[in-house]
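# Survey of secondary and tertiary structure
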Amino acid sequence: MTGMPEQSLALEASGLGKRYGSTWALRDCGLSIPEGHVVALVGPNGSGKTTLLHLAVGLATPTTGRVRVQGGLDAGSLEALECVAFVAQDTALYPSLSVADMLHLARNLNTGFDSARAEARIAELDIPPTRKVGKLSGGQRAQVALTLALAKRPRQLILDEPLSSLDPLARHDFMAALMTAVAEDGISVIFSSHVVAELERVCDYLVVLASGQVQVAGEVDDLLTSHQLYTGPAAQADRLAATLPVVRDRRAEAQAHLLVRTSGRRTEVPTGWETHQVGLEEMVLAYLRAPAASALPGPRELIGKGARP
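Residues numbered from 1 in each chain as written. Predicted model: local features only at pLDDT ≥ 70, side-chain atom pairs only at ≥ 80, totals over all residues. Heavy atoms only, no water.

## Re the sheet that holds strand β10 (residues 213-219)
Strand order across the open sheet formed by 6 strands is β6-β7-β8-β3-β9-β10, with mixed pairing between neighbours. Each edge of the open sheet carries a strand with a single partner, namely β6 (84-87) and β10. Ignoring which end each strand starts from, the neighbouring axes of this sheet average 15° apart. Relative to strand β9 (residues 205-210), strand β3 (residues 38-42) runs parallel, the two being bridged by 4 bridges. (Pairing = 2+ DSSP bridges. Helix = DSSP H or I, 4+ residues; strand = E, 2+ residues; numbered from the N terminus. Axes fitted to C-alpha atoms, helices over the stretch in contact; angles between N-to-C directions.)

## Description of helix α3 (residues 99-109)
Listed in full, the buried residues belonging to α3 are V99, M102, L103 and A106. The arc that holds every buried residue of α3, seen down its axis, measures 100°, which confines them to one face. Tucked inside the fold, the buried residues of α3 contact α4 (115-124) and α5 (138-150). (Buried < 20%, exposed > 50% of the residue type's maximum accessible area, 1.4 Å probe, protein only. Arc of directions from axis to C-beta. Contact = heavy atoms within 4.5 Å.)

## Some details on the sheet that holds strand β1 (residues 9-20)
With antiparallel pairing, 4 strands are arranged side by side in an open sheet as β2-β1-β4-β5. Every other strand in the sheet has two partners, leaving β2 (23-34) and β5 (73-74) as the edge strands with one partner each. Bridge count between β1 and strand β4 (residues 64-69): 5 bridges; the pairing is antiparallel. From the neighbouring strand, G17 faces β4, where its bridge partner is T64.

## What about the side chain of Q70?
Of note, Q70 is situated in the loop between β4 and β5. Apart from the residues lying within four places of it in its own chain, the contact partners of Q70 are S8, L9, A10, E35, C83, V84, R155 and Q156.

## What about the pattern of salt bridges?
Scanning all chains against the criterion turns up 9 salt bridges. In this structure, R153 and D185 form a salt bridge, with 3.8 Å as the shortest nitrogen-oxygen distance. Here the residue R153 occupies a position in the loop between α5 and β7 (156-160), and D185 occupies one in helix α6 (residues 168-185), the gap between them amounting to 32 residues. On the basis of relative accessible area, R153 is assigned to the partly exposed category, the value being 45%. Given a relative accessible area of 29%, D185 falls into the partly exposed group. When the shortest N-O distance is used, the salt bridge between D238 and R251 registers 2.7 Å. With D238 in helix α9 (residues 237-241) and R251 in strand β12 (residues 246-251), this residue pair connects regions lying 13 residues apart in the sequence. Taking relative accessible area as the criterion, R251 reaches 39% and is therefore assigned partly exposed. (Salt bridge = Lys/Arg side-chain N within 4 Å of Asp/Glu carboxyl O.)

## What about the environment of L31?
Considering the arrangement of structural elements, one finds L31 in strand β2. In this structure the C-alpha to C-alpha distance between L31 and A92, which are 61 residues apart in sequence, comes to 27 Å.

## Thoughts on the packing of α5 against α6
At their nearest, the axes of α5 and α6 sit 9 Å apart, and the two run at 15° to each other. Relative to α6, α5 is oriented roughly parallel. Two packed elements cross with a definite hand, and for α5 against α6 that hand is right-handed. Residues G139, A142, Q143, L146 and L150 of α5 form the contact with α6, whose own contacting residues are A170, D173, F174, A177, L178 and A181. Classifying every residue of the contact of α5 with α6 by side-chain character gives 8 nonpolar, 2 polar and 1 charged. (Parallel < 35°, antiparallel > 145°, perpendicular 65-115°, else oblique. Left-handed = near helix turned anticlockwise from the far one by under 90°. Nonpolar A, V, L, I, M, F, W, Y, C, P; charged D, E, K, R; others polar.)

In structure tokens form, the structure reads like this:
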């Protein structure tokens, strides 16, 4: 009897590292993200998020290891470039060109560029096609960049903090447009941000980076199920922590709060202790504040359904 076919991977990294001089921006990154997800790539500034995304789209070359996209295509190859679209943090548009000129340029640079779709979307957004890009608002520039990416009809969309310079209304409009495209086209999305609240409502897969290494990765529902917050007497915390994989340990004089990775296992709660469900932001902050990456469970231990071990 043949087994179920393996789910194709949107991104697969093995031993991936990038060094600039003597500094490692990303090191020993192992990651397997299945297709069909909206992925939140979260971490503080300098955590390696942009480096990972640049490696995934071929804008940088690995120092060690390799990265593949869309079921095994080498990142940056012609085949990968045809099915992966990228929106950079600074939107990477020519300020002296008009919006119409940007569409014309994109059509000449990208095979299969859907000009009709791009023009219709610009009209729907009420962005004047004759206006120079440099005269647009931040929200309009972000929407033009997203329009150019979506008009490629990609299978995967990678976005590097496109909301960082936008006001709340522009961020809301951008996210609404993005999720409409996901629903209509069924594309995979990797969305980088250091603001968890922006991504919590729309992302179903999480990757946390800190100090150039993957701290945790997996489907959001699975990760939330596999973590619990233990609250109880501080005097008993050391004994409990010795028996459980603690991600974050916070103690006051009388009470301790231990965020524990249970991996979905049912564990007996000691007398005097209570357990609580963990929110996404609380879990992310716990990993970012953990004292050392080497003490954390690797991404392969918490990988989401459908990904390879």
